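Summary of the model geometry
Residues per chain, in single letters:
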Amino acid sequence: MLARKSIIPEEFGLPGLVSRMPRKPVFRDRVNKARFIAKNGSCNLAHKNIREQGRFLQDVFTTLVDLKWRFTLVIFTTTFVSSWLLFAMSWWLVAFAHGDLDLDSEPQNRTHCVTDVKSFTSAFLFSIEVQVTIGFGGRMITEQCPTAITVLILQNIVGLIINAIMLGCIFMKTAQSNRRAETLIFSRHAVIAVRNNNLCFMIRIGDLRKSMIIGATVRLQVVRKTTTPEGEVIPIHQIDVPTESAVSSNSLFLLAPLIICHVIDKHSPLYDLSAMELQCSDLEVIVILEGVVETTGITTQARTSYVAEEIQWGHRFVPIVTEEEGVYSVDYSKFGNTMKVETPVCSAKELDEKPSILIQTLQKSELSYQNSLRKRNSMRRNNSMRKVAGGSGSLRRNNSGLVVPKVQFFTPGDGVQNLNAVT
């Protein structure tokens, strides 16, 4: 009996067949990288080991505006109460120095510096009346003490300064530009597809308010970790990415949602990336939308970012602007919806080297478009035929309820025979 090894050649055995089978390219798993800009526009950056903390006190107004509301309210309350207590102590000292607090040895016709200030509590109430300009009428300053007049002038000046700073901080906090950015929206996903015979990176932006953003501009940046030829590691390397809509003024008319397009050419940082390589990359695309608010004139800025998992290769945004009864309508429920389209999975560099790939893709896209158009026309035709059939069926059902009289026709011969039979 022959051995199994001599009957089945080695090249047709299971190990040989497995070794000759084509293998798919194996890519390393992408390490979860912290994004630089969150989806809501906040910067994911922590400042540590700042030694010169006094620099923040040199710009007190900006520090107060940047603080959270609870800290701002605590500072405001503490400042007002401290100023009232400080000047209450000053009024009490003025009354004590003038002898107004010594009620036992006081003559009857003696004039006080401040009437009815007989304790620290009354001095505190008078301090509040002076700074807030309440003026109940029970306590008042007299012309007997020049020191009291000086304290009155100083308290008025200090009170005006505190009011001006506090009102300015409250106004700036309520009118911050990031509040207007809440109504500037971005699509949740970015897409890459063929547009105008070029591989393009696209996002969609929109404004929910009717008041427009004047001079709106959009900037794209790719943030990635790079290493220079000298071996220097740059953890956050920002690369500017031009957009197709950029003109000489680089401004947008953001009346309706717009699709911002970046052509992936040889100058683009996405030029060498294919669909599979993009999923394994650690790049982040940052989108910055800036403009002037029409109602307030304040410059606002909205930000977002897209990591590799949020970039859909071979998709396109669905249209959301339609014309209804002479008015353009925007359906924001479909703002972030996309649809699949024929797109080569290779990089833009390979498309430039092999234009036939793009030609085949365009032919497939045209064929699929014709098929979808043919299906749409057939569905419309079937629907119209169903409507016509439904109308004729209903007409037939309506006519079935009518009573149709029976009519009997006689030929001339039959009529003569019938008459002869009768006679």
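Please read these numbers as outputs of a predicted model, since none were measured by experiment.

Description of the pattern of salt bridges
Across all of its chains, the model carries 4 salt bridges by this definition. Taking the shortest distance from any N to any O, the salt bridge between Glu310 and Lys39 comes out at 3.5 Å. Of this pair, Glu310 sits in the loop between strand 8 (299-307) and strand 9 (311-313) while Lys39 sits in the loop between helix 2 (14-20) and helix 3 (54-58), placing them 271 residues apart in sequence. Residue classification places Lys39 among the partly exposed residues on the basis of a relative accessible area of 25%. The salt bridge partner of Glu290 is Arg219, with a shortest N-O separation of 3.8 Å. Taken together, the residues Glu290 in strand 7 (residues 284-293) and Arg219 in strand 4 (residues 213-227) connect sequence positions 71 residues apart.

A word on the state of the cysteines
Here, disulfide denotes a covalent bond that connects the sulfur atoms of two cysteines. Inspection of every chain in the model, using the stated rule, returns 1 disulfide. In this structure Cys261 is a free cysteine whose sulfur lies 3.5 Å from that of Cys200, the closest cysteine sulfur available. Owing to a relative accessible area of 2%, Cys261 belongs among the buried residues under this scheme.

Description of the packing of helix 5 (residues 69-98) against helix 7 (residues 146-174)
Interhelical geometry of helix 5 versus helix 7 gives an angle of 175° and a closest axis separation of 11 Å. On the basis of the axis angle, helix 5 is roughly antiparallel to helix 7. Partitioning the contact of helix 5 with helix 7 into residue classes produces 15 nonpolar, 8 polar and 1 charged.

A word on the packing of aromatic side chains
Aromatic ring pairs are reported here in terms of the distance separating the ring centres and the angle at which the planes meet. Scanning the model with the defined rule gives 4 aromatic pairs in all. With centroids separated by 5.5 Å and ring planes inclined at 10°, the aromatic side chains of Trp92 and Phe96 adopt a geometry described as stacked. Taken together, the positions of Trp92 and Phe96, both in helix 5 and 4 residues apart, correspond to about one turn of that helix. The exposure class of Trp92 is partly exposed, given its relative accessible area of 26%. Note that Arg204 overlies the ring of Phe335, its terminal NZ or CZ placed 5.9 Å from the centroid.

Some points on a nonpolar patch on the surface
On the surface, Phe61, Ile149, Ile153, Ile157, Ile161, Ile165, Phe171 and Met172 cluster together to form a nonpolar patch covering roughly 720 Å² of accessible area. Counting residues per element, the nonpolar patch draws most heavily on helix 7, which supplies 7 residues. Mapped onto the fold, Ile161 is located in helix 7. Given a relative accessible area of 47%, Ile161 falls into the partly exposed group.

Observations regarding the nonpolar core
Membership of the largest hydrophobic core comes to 37 residues, with the highest contact counts inside it found for Phe201, Ile203, Ile205, Leu289 and Ile311. Top contributing element to this core by residue count: strand 4, with 5 residues. Filtering out sequence-adjacent residues up to four positions away, Phe201 remains in contact with Ala190, Val191, Ile192, Ile260, Cys261, His262, Ile264, Leu270, Val285 and Ile311. Formed by 13 residues, the second largest nonpolar core is a distinct cluster that contains Ala95, Val114, Val117 and Ala148.

Structural notes on a negative patch on the surface
Side chains of Asp265, Asp272, Glu277, Glu350, Asp352 and Glu353 sit close together on the surface and give a patch of like negative charge. It is helix 10 (residues 348-353) that provides the largest number of residues to the negative patch, a total of 3 residues. Of the residues examined, Asp265 reaches a relative accessible area of 30% and is grouped as partly exposed.

Describing the environment of Thr77
Tracing the backbone through its elements, the reader meets Thr77 in helix 5. Since its relative accessible area comes to 48%, Thr77 is described here as partly exposed. Of the polar contacts made by the side chain of Thr77, one reaches the backbone oxygen of Leu73; its length is 2.9 Å.

Points about the UniProt feature "transmembrane region" (unreviewed entry) in the protein chain
Per the UniProt record, "transmembrane region" (unreviewed entry) is annotated on residues 71-94 and 148-171. For residues 148-171, helix accounts for 100% and strand for 0%, while the C-alpha atoms at its two ends are 34 Å apart.

Focus on the side chain of Ser281
Tracing the backbone shows Ser281 in the loop between helix 9 (275-280) and strand 7. On the basis of relative accessibility, which here comes to 8%, the residue Ser281 falls in the buried class. There is a polar contact of 2.7 Å between the side chain of Ser281 and the backbone oxygen of Leu278.

Section: the environment of Lys349
Mapped onto the elements of the fold, Lys349 is located in helix 10. Note: C-alpha distance between Lys349 and Ile264 (85 residues apart in sequence) is 9.0 Å. When residues no more than four places from it in sequence are discounted, the contact partners of Lys349 are Tyr271 and Asp272.

How each quantity is defined
- Residues numbered from 1 in each chain as written.
- Predicted model: local features only at pLDDT ≥ 70, side-chain atom pairs only at ≥ 80, totals over all residues.
- Heavy atoms only, no water.
- Salt bridge = Lys/Arg side-chain N within 4 Å of Asp/Glu carboxyl O.
- Helix = DSSP H or I, 4+ residues; strand = E, 2+ residues; numbered from the N terminus.
- Buried < 20%, exposed > 50% of the residue type's maximum accessible area, 1.4 Å probe, protein only.
- Disulfide = S-S within 2.5 Å.
- Axes fitted to C-alpha atoms, helices over the stretch in contact; angles between N-to-C directions.
- Parallel < 35°, antiparallel > 145°, perpendicular 65-115°, else oblique.
- Nonpolar A, V, L, I, M, F, W, Y, C, P; charged D, E, K, R; others polar.
- Phe/Tyr/Trp six-rings, centres within 6.5 Å; stacked < 30°, edge-to-face > 60°.
- Lys NZ or Arg CZ within 6 Å of the ring centre and 35° of its normal.
- Patch = residues over 30% accessible without salt bridge, like charges linked within 9 Å, V, L, I, M, F, W, Y side chains within 5 Å.
- Areas by Shrake-Rupley, 256 points an atom, 1.4 Å probe, with all protein chains shown as cover.
- Core = buried A, V, L, I, M, F, W, Y, C linked by side-chain atoms within 4.5 Å.
- Contact = heavy atoms within 4.5 Å.
- Lys, Arg positive; Asp, Glu negative; His and termini not counted.
- Charge placed at Lys NZ, Arg CZ, Asp CG, Glu CD.
- Polar contact = N/O pair within 3.5 Å; in protein donor to acceptor, adjacent residues only side chain to side chain.
- UniProt positions renumbered as here; feature names shortened; annotations may be inferred.

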